[in-house]
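Coordinate inspection notes
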Amino acid sequence: MNILTDPNKLKTSGCADVNASKCAEGDGEGSVQVQLDPNLNIGTAKVFSIYGKGGIGKSTTSSNLSVAFSKLGKRVLQIGCDPKHDSTFTLTKKLMPTVIDVLESVNFHSEEVRPEDFVFEGYNGVMCVEAGGPPAGTGCGGYVVGQTVKLLKEHHLLEDTDVVIFDVLGDVVCGGFASPLQHSERAMIVAANDFDSIFAANRIAAAIQAKSKNYAVRLAGVIANRSRETDQIDKFGERTGIKRVAHLPDLDVIRKSRLKKMTLFEMDHTPEIEAVQNEYLRLATELWEAKEPPVQGKPLKDRDIFDLLGFD
């Protein structure tokens, strides 16, 4: 048994005992998740987390937003938080070993890990880390995120970073995968103009709101992705007060960029590519220059979402 599956070690490593009524105070009303080590703060970098329904395009969005920040002259670190470790492959052109892979190879003796074992430079200088995840059905995503941040701090890799982007697995299904919110300044939700992804976005917004009671994180808004229109997302925004911060249309060239293992900033120049690049650059600029916390909005009850969306 290793630290990923030993429940006694997990309880002291930032993960919850799901049988406990409440493991720690101050982590959201009704939470059964313990807090991460408060000493594991990122530092002075602006930290953003990207959430959304599985398969909605979070990794594409994260990677291109990372490049946009780098084009603004920022030093960027992207952290993939998915066991399939494909968040950064358009930046690095390969699937990288995960932090968990590296730790397992040295029997979890973190002092034996070197930065070059788990941090790789991608396109335009974006630094890339794949946190990975515990074996299926075991362990805790919160531990994985905590260990990744711990290693980055131990090797002083956050001191010269301006922007950190967490690309987080699927929907917020447990406190473990919500743990990047404890490090983040802003969170964004990627959604298409359809019921399923907006329903997921509403649940994620509620999770962010819960975390915001005890952490600095605030919901920056929704990124409309793979959508020609935004009428349903805008209807949701008008009802909840949750802002749409960007619109990335349903273009085949975006799908092709993943197949070519390229970011959109490396694709052949066309008017539609330029328009999407400019949207990422605009979003990156707004996020960097934002002075005031965004309006959190008010997520809806499940039944209200069902009644709201659709055509008359």
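Predicted model, so just to flag it, every value in this text is computed and none were measured.

Take helix H10 (residues 271–289) next. Over its 19 residues, H10 runs 27 Å from end to end, which matches the ideal 27 Å to within 8%, given 1.5 Å per residue. The inward-facing, buried residues of H10 abut strand S1 (46–52), helix H2 (58–71), strand S6 (186–191), strand S7 (218–225), strand S8 (244–248) and helix H9 (252–259).

Moving on, we come to the UniProt feature "binding site: Mg(2+)" in the protein. Residues given the UniProt feature "binding site: Mg(2+)" here are Ser59. With respect to the secondary-structure elements, Ser59 resides in helix H2. Here Ser59 is in contact with Asp86, Ser87, Asp167 and Arg258, once residues within four sequence places are set aside.

Another point: the UniProt feature "binding site: ATP" in the protein. The positions that UniProt labels "binding site: ATP" are, in the present scheme, Gly55, Ile56, Gly57, Lys58, Ser59, Thr60, Lys84, Asn225, Arg226, Pro249, Asp250 and Leu251. Of the residues annotated just before, the second largest pocket has Gly55, Ile56, Gly57, Lys58, Ser59, Thr60, Lys84, Asn225, Arg226, Pro249, Asp250 and Leu251 among its lining. Here Lys58 is to be found in helix H2. On the basis of relative accessibility, which here comes to 9%, the residue Lys58 falls in the buried class. Within polar-contact distance, the side chain of Lys58 engages the backbone oxygen of Gly52 at 3.3 Å. Along the chain, the position of Lys84 falls in the loop between strand S2 (76–81) and helix H3 (89–92).

Per the counting criterion, the structure on display carries three aromatic pairs. Taking the centre distance of 6.2 Å and the plane angle of 85 degrees together, the rings of Phe195 and Phe306 count as edge-to-face. One end of the pair, Phe195, is in helix H7 (residues 195–212); the other, Phe306, is in helix H11 (residues 302–308), with 111 residues separating them in the sequence. Among the residues examined, Phe195 registers a relative accessible area of 33% and is labelled partly exposed. Ring pairs connect the aromatic residues Phe195, Phe199 and Phe306, which therefore count as one cluster. Over the face of the ring belonging to Trp288 we find Lys46, whose NZ or CZ atom lies 5.2 Å from the ring centre.

Conventions and cut-offs
Residues numbered from 1 in each chain as written. Predicted model: local features only at pLDDT ≥ 70, side-chain atom pairs only at ≥ 80, totals over all residues. Heavy atoms only, no water. Helix = DSSP H or I, 4+ residues; strand = E, 2+ residues; numbered from the N terminus. Expected span 1.5 Å × (residues − 1). Contact = heavy atoms within 4.5 Å. UniProt positions renumbered as here; feature names shortened; annotations may be inferred. 1 Å grid on protein atoms, 1.4 Å probe; cavity = no way out; pocket = protein on both sides within 12 Å on 5 of 7 lines; lining within 4 Å. Buried < 20%, exposed > 50% of the residue type's maximum accessible area, 1.4 Å probe, protein only. Polar contact = N/O pair within 3.5 Å; in protein donor to acceptor, adjacent residues only side chain to side chain. Phe/Tyr/Trp six-rings, centres within 6.5 Å; stacked < 30°, edge-to-face > 60°. Lys NZ or Arg CZ within 6 Å of the ring centre and 35° of its normal.

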